[in-house]
Amino acid sequence: MNKTLLTFVIAAICAGSNLLAAAPTHGMVASVNPLATQAGVNALKSGGNAIDAAVAVGLTLGVVDTHNSGIGGGCFMLIHLANGTNVCIDGREMAGAAATRDMFIRDGKGDTHLSQTGPLASGVPGEVATFEFAVKNFGKKTLRDLILPAADIAENGFAVPANYAKLLASVAGDMTNFPAATAVFFRNGAPVKTGDILKQPDLAKTYRSIALHGSDWFYRGPFAAALGNWMKANGGILTSNDFANYHIELREPIATSYRGYEVVSFPPPSSGGVHVLEMLNILEHFDLKHMDAATRLNVIAEAMKLAFADRAYWLGDPDFVNVPRGLISKKYGDELARKINPEHATEVSSHGLPPDWQTDLFKKHTTHFSTADAEGNWVACTATINTSFGSKVVIPDTGVTMNNQMDDFSIQAGVANHFGLIGAEANSVAPGKRPLSSMSPAIVLKDGRPMISLGAAGGPKIISAVLQETVDMIDLGMTPAQAVAAPRIHQQWSPNELYVESKLPADLKKSLADRGHKIEVLPAVAVSQIVARSPDGKSFTGAADPRAGGTAAGW
Ligand code: DON
């Protein structure tokens, strides 16, 4: 490694992790924003557990990281409780009752502007319902305890970080169509800049109302009414009734074994959990540890291609379509592993699940944060309003930025969404349906003991990041800090291109191209956070992705 690269890696590892502080034994938090991580640590220090800490982080992110997530969006929360139970709270958005399969088709063509921006782009958000349920059932604090400190930050303001200002500038054009959004995010006709203090008094009021009245204020009270009125006046379809009908779903966690570990993740409507497990089942057939790096990356890319081909065909909301469990069977993993040529890229023309494995069914711009506590509760939560600043709509007088999660549906066969993903009937729009997601919160156990909590943001690249970090930590023995910093690749079957991070060494890029991959270089593949047990099992460690400005901290 040359000296500059070595300095970069060391700096990245130190910035993203907690290596220099005393090893925390009470609990740990990792998120993409220092204020949010601190809110999680404060919740732990004041008697909360990992669930309380996660909710404190999520609510704070909704104030200081509004481009990625917030109460106008949804989340998947995976919890490993100290008693050994795994819980999946599905707080994904739901399409409104008036949603139709072809609602985004204009002149015969799927119009992604409509699914990404403005009144039609949103589903009913699930974050408030998820957080309230999690705290009530598994926390030690109240939602009120956890939301009020975040309300104070909304009221007093925070200094806008550079990446926030950059993302805001990139969507400013679309945002000018929505005056309530520019009232929050613009000053003197221009988006707020790095270092400006952004105060959100309306959001503070909204948070305080939720503190006082709980989620009813949001789903069955003044917020739902304000949203219904705005939608009606602006050509949207969501109504206050859609809000009253919103419900979280408790889903059965999915798991597979991988080299002596148990990897637990989220079932559909997350596609991520299914495909991370599907790929681990494939990769277990290869001695990744002793392969040269180019062969290893080729094998991983080929596993990604096979899994994403299945995603495009099979995956959708399990309450509406039959998603086969066979996708995560060991037998199917064996079958797919045999299709991989370690030395060369292979053409994958379609999904591959054979008919006899299709019968056992699943019944039924983003952020990831992880927490753990000394009692043995662990959380992996990925939350999102989808792309930066969601639909760009802020509901007047509430400060709430609405999601554009409708774009995660397949709005028309063959029409790619924001992430270049195509889908089939399984993920078409329908009333009350949840759009397919790539969010893949995961918890890795060893002999029943939680060892790692991880997840990522980045659309489909989430799936690839979670896979590679799992392999990096389990097969290659990397620490969380090394795993988040390591260069990543991503192959999503369509388009048939291998995305590689620019910092992947040039010889590896060349070697992958020589093996038949069409290489596309990207500055970054996903943003991930990890919390883990230290190697001696006595304390916690963690890492925030050096690609963003987060922190991992504990006490
Ligand atoms: O649920 C999903 O798959 C997407 N809405 C996630 C979006 C995302 O990660 C944006 N991040 N860059």
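Residues numbered from 1 in each chain as written. Predicted model: local features only at pLDDT ≥ 70, side-chain atom pairs only at ≥ 80, totals over all residues. Heavy atoms only, no water.

Enquirer: Tell me about the side chain of Thr 256, residues and numbers included.
Expert: Tracing the chain through its elements places Thr 256 in strand E11 (residues 254–258). We classify Thr 256 as buried; its relative accessible area is 7%. There is a polar contact of 2.7 Å between the side chain of Thr 256 and the side chain of Asn 281. Here the side chain of Thr 256 touches Lys 330 through a polar contact of 3.4 Å, side chain to side chain. Sequence-distant contacts of Thr 256, defined by excluding residues within four places in its chain, comprise Tyr 261, Glu 262, Val 263, Leu 277, Asn 281 and Lys 330. (Helix = DSSP H or I, 4+ residues; strand = E, 2+ residues; numbered from the N terminus. Buried < 20%, exposed > 50% of the residue type's maximum accessible area, 1.4 Å probe, protein only. Polar contact = N/O pair within 3.5 Å; in protein donor to acceptor, adjacent residues only side chain to side chain. Contact = heavy atoms within 4.5 Å.)

Enquirer: Explain unusual backbone geometry to me, and be specific about the residues and the numbers.
Expert: For residues other than glycine, phi is negative in most cases, and the peptide bonds are mostly trans. With omega at 15°, the peptide bond leading from Pro 268 into Pro 269 counts as cis. In this structure, Pro 269 sits in the loop between strand E12 (261–265) and helix H13 (272–283). At the junction of Ser 494 and Pro 495, the peptide bond is cis and its omega measures out at 0° in the coordinates. Tracing the backbone through its elements, the reader meets Pro 495 in the loop between strand E21 (489–490) and strand E22 (498–501).

Enquirer: Mind laying out helix H6 (residues 143–156), listing which residues take part and the relevant values?
Expert: Here H6 spans 20 Å end to end across 14 residues, near enough to the 20 Å set by a 1.5 Å rise per residue. Inspection of H6 places Leu 143, Leu 146, Ile 147, Ala 150, Ala 151 and Ala 154 among the buried residues, and these make up the whole buried set. One face of H6 carries all of its buried residues, which in axial projection span an arc of 135°. Its buried side turned inward, H6 meets helix H2 (34–45), helix H3 (50–64), helix H5 (127–138) and helix H9 (201–213). Backbone geometry just after H6 places Gly 157 at a positive phi near 90°. (Expected span 1.5 Å × (residues − 1). Arc of directions from axis to C-beta.)

Enquirer: Which residues make up the sheet that holds strand E23 (residues 519–522), and what values do they have?
Expert: The strand order across the open sheet built from three strands is E21-E22-E23, with neighbouring strands paired in mixed fashion. Taken across any chain shown, the strands that pair with only one partner, and hence form the sheet edges, are E21 and E23. Where E22 meets E23, four bridges bridge the pair, whose relative direction is parallel. Counterpart to Leu 498 in the pairing with E23 is Ile 519. (Pairing = 2+ DSSP bridges.)

Enquirer: Account for the packing of aromatic side chains, with residues named and values stated.
Expert: Counted under the stated rule, the structure contains 14 aromatic pairs. Both rings, one in Phe 218 and one in Phe 243, keep their centres 5.8 Å apart while their planes meet at 55°; by these two values the pair is tilted. Taken together, the residues Phe 218 in helix H10 (residues 215–219) and Phe 243 in helix H12 (residues 240–244) connect sequence positions 25 residues apart. Taking relative accessible area as the criterion, Phe 243 reaches 0% and is therefore assigned buried. (Phe/Tyr/Trp six-rings, centres within 6.5 Å; stacked < 30°, edge-to-face > 60°.)

Enquirer: Pulling in residues and values, what's your account of the pairing of strand E24 (residues 527–533)?
Expert: Buried residues dominate E24, accounting for seven of its seven residues. Pairing analysis gives six bridges linking strand E20 (residues 449–457) to E24, with the strands arranged antiparallel. Its bridge partner being in E24, Leu 454 is matched across the sheet by Ile 530. In this sheet, strand E25 (residues 540–544) lies alongside E24 in antiparallel orientation, the contact comprising five bridges. Following the sheet pairing, Ala 532 is matched in E25 by Thr 541. Linkage of E24 to E25, two consecutive antiparallel strands, is achieved through a turn of six residues, within which Gly 537 is found at a positive phi near 75°.

Enquirer: Explain the domain arrangement of the protein residue by residue, including any values.
Expert: Taken as a whole, the protein is organised into domain 1 (33–74 + 85–100 + 109–247 + 367–427) and domain 2 (251–365 + 439–548). Contacts between the two partners involve 36 residues from domain 1 and, on the opposite side, 43 residues from domain 2. In this assembly, domain 1 packs against domain 2 so that about 2,900 Å² is buried in total across both faces, 64% of it on carbon and sulfur atoms. Between domain 1 and domain 2 we count one salt bridge in total. The interface formed by domain 1 and domain 2 contains eight residue pairs in polar contact (both at pLDDT 80 or more). (Domains from an automatic or database assignment. Buried area = accessible area lost by both parts, 1.4 Å probe. Salt bridge = Lys/Arg side-chain N within 4 Å of Asp/Glu carboxyl O.)

Enquirer: With reference to specific residues and values, describe the site of the ligand.
Expert: In the vicinity of the ligand there are 15 residues, among which His 365, Thr 366, Asp 408, Ser 437 and Ser 438 approach most closely. Coverage of the ligand by the protein amounts to 96% of the 340 Å² it exposes when considered alone. For the shell around the ligand, the class distribution of residues is four nonpolar, nine polar and two charged. Domain assignment of the residues forming the shell around the ligand places at least three in each of domain 1 (33–74 + 85–100 + 109–247 + 367–427) and domain 2 (251–365 + 439–548). (Near = heavy atom within 4 Å. Areas by Shrake-Rupley, 256 points an atom, 1.4 Å probe, with all protein chains shown as cover. Nonpolar A, V, L, I, M, F, W, Y, C, P; charged D, E, K, R; others polar.)

Enquirer: Hey, could you go over the state of the cysteines for me, with residue numbers and the actual values?
Expert: Tallying each qualifying case throughout the model produces zero disulfides. Cys 75 forms no disulfide, and the closest cysteine sulfur to it belongs to Cys 381, at a distance of 4.4 Å. You can call Cys 381 buried: its relative accessible area is 0%. (Disulfide = S-S within 2.5 Å.)

Enquirer: So what's going on with the confidence of the model for the protein? Which residues, and what values?
Expert: A low pLDDT score tells you not to read the predicted coordinates there in detail. Residue-level pLDDT values for the protein average 93, and 95% of them are 70 or greater. Contacts of residues 1–20 to residues separated by more than four positions or lying in other chains number 23 contacts, the stretch itself having pLDDT below 50. (pLDDT = per-residue confidence, 0-100.)

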